[in-house]
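These are the residues of each chain, in order.
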Amino acid sequence: MTSLPLRFVSLALVLTALSASAQQQVLDPAAVRHRLYSPQQHLELSLAVGLPAREYLTAHYNLNAAIAYNFVESFALEARVGYALSRQTGLARSISERFLAREETRLTDELEDMWQMGAHGVVGARWAPIYGKLSLLADATAHFQAYLWAGGGLASLRRQSIIQCGQVIDREQGVCDNRTDVADRSTATESYWRVESRVAPVVSGAVGLRFFLSPRHALRLELRDWIFADRYRVNVVREDWEAGRESGEPAPKPGFTHLVQFDLGYTFLF
């Protein structure tokens, strides 16, 4: 029968040997250099859907297509075009109706972050310094790249006011559209809230992961931020606007709007 101290010594020797073997495999330069999937010098086409990370006054659901070229394994240039399906949230609509119904309100400021993005296009650089592997099951390993993305371009923007109504239909109910049923907004075909449109520079940045399914196919997960300059009016006199007269002045320091989204995409490498 083996004594207890001898068993401890034997166990320690076995653990030491296993640790040394594992350490040798991790530090093996060949294992570190080996990449099962390499995008280097490959053109790629991507499709993505963006969902809002948070909704406040507006909500955006982004559809994007992108084409990129990988100069090396860790660096690529990418052009993205897309369109955002946007809308005002229930909170924004509730604020507009309550404001219109308040007889005592005369002078007010427009709210920030009310611009809705539509068509847009950006060009950016993608830097992927990290290539890794995840063990999912006993015999399954997921290969991935972690990357940063930064770029800029242009976007079409639209802003519908929730303060300035050009044709009050029912002040008590806060109605500023041609709805046939006062209690049902969906029956309206035309809105009388002030609308502005512009094309403006936009900057976009993202952090993401790209999981390789095969040498030609990959899935992309991103957290992306779309940034553009805000613009709104302050010191708006409601009676002036409702009478058809311009009122208020541009905010002196409007700041920037951030549209943060979760993107899920698919990439095909040629």
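Preceding this section is the structure that the text describes.
No experiment lies behind these values; they were computed from the predicted model shown.

### Overview of the overall build of the chain
Phase 1 of the analysis: Helix and strand counts for the chain stand at four helices and twelve strands.
Phase 2 of the analysis: Across the 270 residues in the chain, those meeting the buried criterion constitute 38%.
Phase 3 of the analysis: Long-range pairs, those at least 24 residues apart, make up 72% of the contacts in the chain with a sequence separation of at least 6.
Phase 4 of the analysis: Accessible surface, the chain: about 15,200 Å² in total, of which carbon and sulfur atoms supply 62%.

### Quick look at unusual backbone geometry
Phase 1 of the analysis: Phi angles above zero are rare outside glycine, and Q41 is one such case at about 60°.
Phase 2 of the analysis: When you line up the elements, Q41 lands in the loop between α2 (29–33) and β1 (43–52).
Phase 3 of the analysis: With a relative accessible area of 55%, Q41 lands in the exposed category.
Phase 4 of the analysis: Even without being glycine, N235 reaches a positive phi, approximately 55°.
Phase 5 of the analysis: Positionally, N235 belongs in the loop between β9 (233–234) and β10 (236–237).
Phase 6 of the analysis: Given the relative accessible area of 35%, N235 is considered partly exposed.

### Focus: helix α3 (residues 90–101)
Phase 1 of the analysis: Taking 1.5 Å per residue as the helical rise, α3 with its twelve residues ought to reach 16 Å, and the 17 Å between its terminal C-alpha atoms agrees with that figure.
Phase 2 of the analysis: Every buried residue belonging to α3 is among A92, S96, E97, F99 and L100, and all of these are buried. The arc enclosing the buried residues of α3, seen along the axis, measures out at 165°, which places them on a common side.

### Re the pattern of salt bridges
Phase 1 of the analysis: Scanning all chains against the criterion turns up 21 salt bridges.
Phase 2 of the analysis: A salt bridge links E78 to R126; its shortest N-O distance comes to 3.7 Å. Residue E78 is located in strand β3 (residues 75–88), and its partner R126 is located in strand β5 (residues 115–135); the two are separated by 48 residues in the primary sequence.
Phase 3 of the analysis: The closest approach of N and O atoms between R179 and E97, which form a salt bridge, is 3.8 Å. Remark: E97 occurs in helix α3 and R179 occurs in the loop between β6 (141–165) and β7 (193–212); sequence separation between them is 82 residues. The same class applies to R179 and to E97, which are both buried.
Phase 4 of the analysis: Through salt bridges that share partners, E44, E78, R80, R126, R210, R220, E222, R224 and D263 make up one connected network.

### Notes on the environment of C176
Phase 1 of the analysis: Summarising the element assignment, C176 is placed in the loop between β6 and β7.
Phase 2 of the analysis: Take C176: its relative accessible area is 1%, and that puts it in the buried class.
Phase 3 of the analysis: Taking the C-alpha atoms as reference points, C176 and L100, separated by 76 residues in sequence, lie 8.4 Å from one another.
Phase 4 of the analysis: Every residue in contact with C176, bar those within four places of it in the chain, is listed here: L100, C165, G166, Q167, S191, Y192 and W193.

The rules behind the values
Residues numbered from 1 in each chain as written. Predicted model: local features only at pLDDT ≥ 70, side-chain atom pairs only at ≥ 80, totals over all residues. Heavy atoms only, no water. Helix = DSSP H or I, 4+ residues; strand = E, 2+ residues; numbered from the N terminus. Buried < 20%, exposed > 50% of the residue type's maximum accessible area, 1.4 Å probe, protein only. Contact = heavy atoms within 4.5 Å. Areas by Shrake-Rupley, 256 points an atom, 1.4 Å probe, with all protein chains shown as cover. Expected span 1.5 Å × (residues − 1). Arc of directions from axis to C-beta. Salt bridge = Lys/Arg side-chain N within 4 Å of Asp/Glu carboxyl O.

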